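Notes for the structure review
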Amino acid sequence: MTQSDSNANNGANNDTKNSAHENETTQIDANEATTSDTKAERHKARQQKLKEGVDAKIAAAQEEKGILLVLTGNGKGKSTSGFGAVTRCVGHGQKAAVVQFIKGGWECGERNLLEKVGVDFYVMGTGFTWETQDREKDVAAAESAWQDAEKLLKDDSLNLVLLDELTYMVTYKYIALERVIEALKNRPPMQHVIITGRACHREIVELADTVSEVQPIKHAFNDGVKAQLGFDY
C-alpha cells in the first residue's frame, strides 16, 4: 500500500469515527432534551395539581367573620407578629387598638409609629411581676387595663384589637378567665382579635379560630446578648 493509500484509509477511518461521535452526541443531546421536557411536564403537572387544591380551598372558604388569633409559645416574635397585623390593618385604612398587659417604662418602637396613624394604646405599665413584687398593685393595674379592653371589645368601629401579653393575666389569675371568654364571645361579629403570650389557657385556645405556637430554637439573650433598640423593642 502506498503512502497516499494509507493516508486515505486513515482519513476515511477518522471520518467514520467523527461521524459516529457526532451521532452519539446528537443522541445524547436528544435524550437530555427529552429528559428535560419530561421533567418540565412533571413539574407543570405537580404545580397544576397544587393549584387545583389551593383554588378548591379558596372557593370553599367564603365565610367572613371576625377572627380570634392566638400567638403563643416560648419563642420570640409573638408580639412583633401581632403588631405586624395591626400595621397591615391600618395600612388598609382600617381602625385598630392595642392593650399592652405587660409593659414597663421602656420605649416601644411600635407604639411610637402606630400612634401617629391613629392607633390607640392602653398600657398596663407596671412591667413584669418580678419587677413590681407587689401582687395587689399588679392586680389593680391588670383590672384597669382589662376594663379598657372590655370597652374596645364592644366597639364595632374597631376592625382589630391586639391584647398583647394577655395570657399572663389569666395564668396569674389577675383577670378571671370567665370574663375574658365572655368578652371575646360577645364582641362585634366582624372584629378581629389577637392575643399574645406564653402558655395560653386551653379554653381560649379552643375558642380561637387560628392558633400559632412559636417555639424557641436559639435566642441571642441566652448567649449574653442584651435586648437592643430597634430590634427587640
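Just above sits the structure.
Notes on the structure follow. (Residues numbered from 1 in each chain as written. Predicted model: local features only at pLDDT ≥ 70, side-chain atom pairs only at ≥ 80, totals over all residues. Heavy atoms only, no water.)

Let us look at the overall build of the protein chain. The helix and strand inventory of the protein chain stands at eight helices and six strands. Scanning the protein chain from its N terminus toward the C terminus, one meets helices and strands in the order α-β-α-β-α-β-α-α-β-α-α-β-α-β. Residues classed as buried in the protein chain amount to 30% of the 233 residues present. Within the protein chain, residue pairs in contact and separated by at least 24 positions form 74% of the contacts whose partners lie at least 6 positions apart. On the protein chain, roughly 15,300 Å² of surface is accessible, and the fraction owed to carbon and sulfur atoms is 50%. (Helix = DSSP H or I, 4+ residues; strand = E, 2+ residues; numbered from the N terminus. Buried < 20%, exposed > 50% of the residue type's maximum accessible area, 1.4 Å probe, protein only. Contact = heavy atoms within 4.5 Å. Areas by Shrake-Rupley, 256 points an atom, 1.4 Å probe, with all protein chains shown as cover.)

This paragraph deals with helix α2 (residues 78-91). Taking 1.5 Å as the rise per residue, α2 with 14 residues should run 20 Å; its terminal C-alpha atoms sit 20 Å apart, in good agreement. Looking at the buried residues of α2, the elements they touch are β1 (68-72), β2 (96-100), α3 (109-114), β3 (120-123), β4 (160-164) and β5 (192-196). Positive backbone phi, at 80°, marks G93, one or two positions downstream of α2. (Expected span 1.5 Å × (residues − 1).)

We now examine the sheet that holds β2. Sheet architecture is open: six strands sit in the order β3-β2-β4-β5-β1-β6, paired in parallel fashion. Either end of the sheet is taken by a strand with one partner, and the two such strands are β3 and β6 (210-213). Averaged over all neighbouring strand pairs, the angle between strand axes comes to 10°, with direction disregarded. Across the face of the sheet, α2 comes into contact with β1, β2, β3, β4 and β5 while running at roughly 165° to β4. (Pairing = 2+ DSSP bridges. Axes fitted to C-alpha atoms, helices over the stretch in contact; angles between N-to-C directions.)

Take the packing of helix α5 (residues 135-152) against helix α7 (residues 177-185) next. Contact geometry of α5 with α7 gives a least axis separation of 11 Å together with a crossing angle of 15°. Accordingly, the angle class assigned to the pair α5 and α7 is roughly parallel. Crossing angle aside, the handedness with which α5 passes α7 is left-handed. Seen from α5, the contacting residues are E143, W146 and E150; seen from α7, they are R179, V180 and A183. Considering only residue class, the contact of α5 with α7 consists of three nonpolar, no polar and three charged. (Parallel < 35°, antiparallel > 145°, perpendicular 65-115°, else oblique. Left-handed = near helix turned anticlockwise from the far one by under 90°. Nonpolar A, V, L, I, M, F, W, Y, C, P; charged D, E, K, R; others polar.)

Attention now moves to unusual backbone geometry. Phi at K173 takes a positive value of approximately 60°, unusual for a residue other than glycine. As for its placement among the helices and strands, K173 is situated in the loop between α6 (166-171) and α7. Backbone geometry at A199 places phi at a positive 50°, although glycine is not the residue there. Position of A199 among the secondary structure elements: in the loop between β5 and α8 (202-207). With relative accessibility at 54%, the residue A199 sits in the exposed group.

Okay, the nonpolar core next. Among the nonpolar cores identified, the biggest contains 33 residues, and F101, W146, L163, L166, M169, I195 and I204 are the most heavily contacted of them. Of all the elements in the fold, those that place two or more residues in this core are β1, β2, α5, β4, α6, α7 and β5. Ranked by residues supplied to this core, first place goes to α5 with six residues. Excluding residues that lie within four positions of it along the chain, I204 makes contacts with L68, V70, V170, L177, V180, I181 and I195. (Core = buried A, V, L, I, M, F, W, Y, C linked by side-chain atoms within 4.5 Å.)

Moving on: the pattern of salt bridges. Side-chain pairs of opposite charge can arise where the charged atoms are in close proximity. Taken as a whole and assessed by the stated rule, the structure comprises five salt bridges. Between E150 and R179 there is a salt bridge whose closest N-O contact spans 3.3 Å. Residue E150 is found in helix α5, and its partner R179 is found in helix α7; the two are separated by 29 residues along the sequence. Where salt bridges share partners, they join E143, E150 and R179 into one cluster. (Salt bridge = Lys/Arg side-chain N within 4 Å of Asp/Glu carboxyl O.)

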